[in-house]
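The residues making up each chain are set out below.
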Amino acid sequence: MLKKSVSHVMLATVAIAVAWAVPAALGQDAQTILSNVSKAMGADNLKTVQYSGTATEFAFGQAVNPNSPWPGFAATSYTRTINYESPAWRVDRVLAPIPQDRRGGGLPPGPTQTVVIGANTSWAQQVDLWMTPYGFIKEAAKNNATATSKSMSGRKYTVVTFTAPNNAKFNGYIGEDSLLSRVETWIDTPMLGDTLLEVTYNGYKDFGGVKFPTAIVQKQGGYPTLDLSITDVKANAPADIQGNPVGAPQTPLATSQKLADGVYLILPAYAALAVDFKDYIVVVEGPQSEERTNAIIAEAKRDIPNKPIKYVVNTHNHFDHSSGLRTFIAEGATIITYQGNKAYYEKIFALPHTLNPDRQSKAKKKISIETMADKKVLTDGNHVIELHRLQGSNHNDGLIVAYLPKEKILVEADAFNPPAQANAPPPNAPTPNNTNLMQNIDRLKLDVETIIPIHYPADSRKVTMAELMRAVGKRD
Ligand SMILES: [Zn+2]
């Protein structure tokens, strides 16, 4: 205890010295500033840190509608362990029960999330580590940082800046207390282009010789993605984090199954449907990324040669289901989406993509969007695609399904994500999304035999209506 209070006093002395030094230090080189901040925060010999408390996490790009913030989920306990040397981190959390009426998507797949950084780990995948207070100090010290001064909301900051490997600025705001209070940078995301990442650090306290913020709020694209209240911090705690390094995502080549005359299923997931209309192709879904969508476009053209893709149907505005829409715009296609998404898409598709220019940022095609309310029918006299908006969905306000009456096929996203195995035991209680889909099928009197989930199971099996019936506790 005595030792602890002595080091606390010593730290406070250092902090005061630095606080005096910073205003006089404008023009002082960034390395000196960083080294002073590192000393003040107790970071000089810090190789690992573990911090814990409670959290609300929010799912980026998974809002229930385009005017809502990212939807949250609470963790009653949240522990993050970071090893700055390996480098790697792990989050262990205990989720609070998910309310039945929660609106939006993006629930986490499990209680643990491990990220091990290796040679092939993209900057976007590792940036979170370097935005932590100690991570910033370590990364800035290695990257020819410069320093300027800035006033924000009536407070003075020394801003230490370096250029990240993705060519974006990486800024750390150091307050007059010589503690890091804000870090910001930009990464490319397919929907928002150059996307602001920001994190604020408040309520610094001393935890056995290191200073650490007790209130952390992280934002991406203007809305919170993490809100943390820290109660415990352990410096240099054991942090042997196992796992394979996170690498660039693998996009398997697209393959097709002919479902019916002129109707093709493009796999693997995210799945898409291509339909051969008289003079053009209609594709349902432009998901994930430009890379995946280019593969879907190429496959649709192999299935249906010598016709342009005129329409892409967008099931909903969640980013995993719409991150290929800009690629379809560059391809010259018109987007069909729920009317509530049009103004939003027009706004965000005009945002700059300087960090990772995509096809549309070069093609600069006019954005063409056709909207629908509850129902829209596409037909060439032979093929018919009925588009219906699901009523009462908690997942998304503008969730569109595509029904092909002649083929008895229903394409749906996130309303029913089938289990890996067809004969998996049904859930103890039907999920609200599965039940909602069943209610809408009944309401619309759709005669469905085959379901095409955009989140297609990896075994590529035919998913039948019987699977949905079982999931909602109905016997067929
Ligand atoms: Zn969704």
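Residues numbered from 1 in each chain as written. Predicted model: local features only at pLDDT ≥ 70, side-chain atom pairs only at ≥ 80, totals over all residues. Heavy atoms only, no water.

### Focus: the overall build of the chain
Put simply, the rule reads: In DSSP terms, a helix is any run of H or I states spanning at least four residues, a strand is any run of E spanning at least two, and both are numbered starting from the N terminus. Restricting the calculation to C-alpha atoms gives the radius of gyration, and the globule rule supplies 2.2 Å times the number of residues raised to the power 0.38. Burial classes: relative accessible area under 20% of the type maximum marks a residue as buried, over 50% as exposed, and values in between as partly exposed (1.4 Å probe, protein chains only). Note on definitions: a residue-residue contact is assigned when non-hydrogen atoms from the two residues lie within 4.5 Å. Using the Shrake-Rupley algorithm and a 1.4 Å probe, accessible areas are obtained, with residue cover drawn only from the displayed protein chains. Positive charges come from Lys and Arg, negative ones from Asp and Glu, while His and the chain ends are left out of the count. For this purpose, a charge sits on NZ of Lys, CZ of Arg, CG of Asp or CD of Glu.
Secondary structure assignment for the chain yields 11 helices and 25 strands. Relative to the compact-globule value of 23 Å for 476 residues, the chain shows a C-alpha radius of gyration of 25 Å, a close match. Across its three principal directions, the C-alpha atoms of the chain cover 80 × 50 × 40 Å. Counting the 476 residues in the chain, one finds 51% classified as buried. Sequence-distant contacts, at least 24 apart, represent 62% of the contacts inside the chain between residues at least 6 apart. Approximately 21100 Å² of the chain is accessible, and the part contributed by carbon and sulfur atoms is 53%. Mean positive and mean negative side-chain charge positions of the chain (47 and 44 charges, respectively) differ by 3 Å.

### A few points about the domain arrangement of the chain
Test applied: Domain borders in the structure are assigned automatically or taken from a domain database. What gets called buried area is simply the loss in accessible area from a 1.4 Å probe that two parts show on being joined, summed for both. By convention in these notes, a salt bridge is any Lys or Arg side-chain nitrogen within 4 Å of a carboxyl oxygen on Asp or Glu. Whenever two N or O atoms come within 3.5 Å, that pair is a polar contact, provided that in protein one can donate a hydrogen and the other can accept it, and provided that, for residues adjacent in sequence, both atoms are side-chain atoms. Amino acids outside the nonpolar list (Ala, Val, Leu, Ile, Met, Phe, Trp, Tyr, Cys, Pro) and the charged list (Asp, Glu, Lys, Arg) are all regarded as polar, and Gly is one of them.
Here the chain is partitioned into domain 1 (2–246) and domain 2 (255–471). Between the C-alpha centres of domain 1 and domain 2 there is a distance of 37 Å. Between domain 1 and domain 2, the contact holds 26 residues from the first and 26 residues from the second. Taking both partners together, domain 1 and domain 2 bury about 2100 Å²; carbon and sulfur atoms supply 53% of that area. Of all residues in domain 1, Pro 66, Met 191 and Asp 194 give up the largest surface area on contact with domain 2, accounting jointly for 34% of the area buried on that side. Joining domain 1 to domain 2, the criterion identifies one salt bridge. Asp 397 serves as the salt-bridge partner of Arg 103, at 2.6 Å between the closest nitrogen and oxygen. Scanning the region where domain 1 abuts domain 2 turns up 14 residue pairs in polar contact (both at pLDDT 80 or more). With four residues, the single largest contributor to the side of domain 1 that touches domain 2 is strand β8 (residues 180–189). Within the side of domain 1 that touches domain 2, the residues separate by chemical class into 11 nonpolar, 10 polar and five charged.

### Overview of the sheet that holds strand β3 (residues 88–95)
Put simply, the rule is: For two strands to be treated as a pair, DSSP must find at least two bridges joining them. Simply put, an axis is a line fit to the C-alpha atoms, just over the touching stretch for a helix, and the angle between two N-to-C directions goes from 0 to 180 degrees.
The mixed open sheet is built from 12 strands, whose spatial order is β5-β6-β7-β8-β9-β10-β11-β1-β2-β3-β4-β12. In this open sheet, the two strands that pair with only one neighbour each are β5 (146–152) and β12 (245–246). Packed onto the sheet, helix α2 (residues 30–41) meets β5, β6 (155–163), β7 (169–174), β8, β9 (193–207) and β10 (210–220) and runs at close to 115° relative to β6. Across the face of the sheet, helix α3 (residues 123–130) comes into contact with β2 (72–83), β3, β4 (112–117), β7, β8, β9, β10 and β12 while running at roughly 80° to β3.

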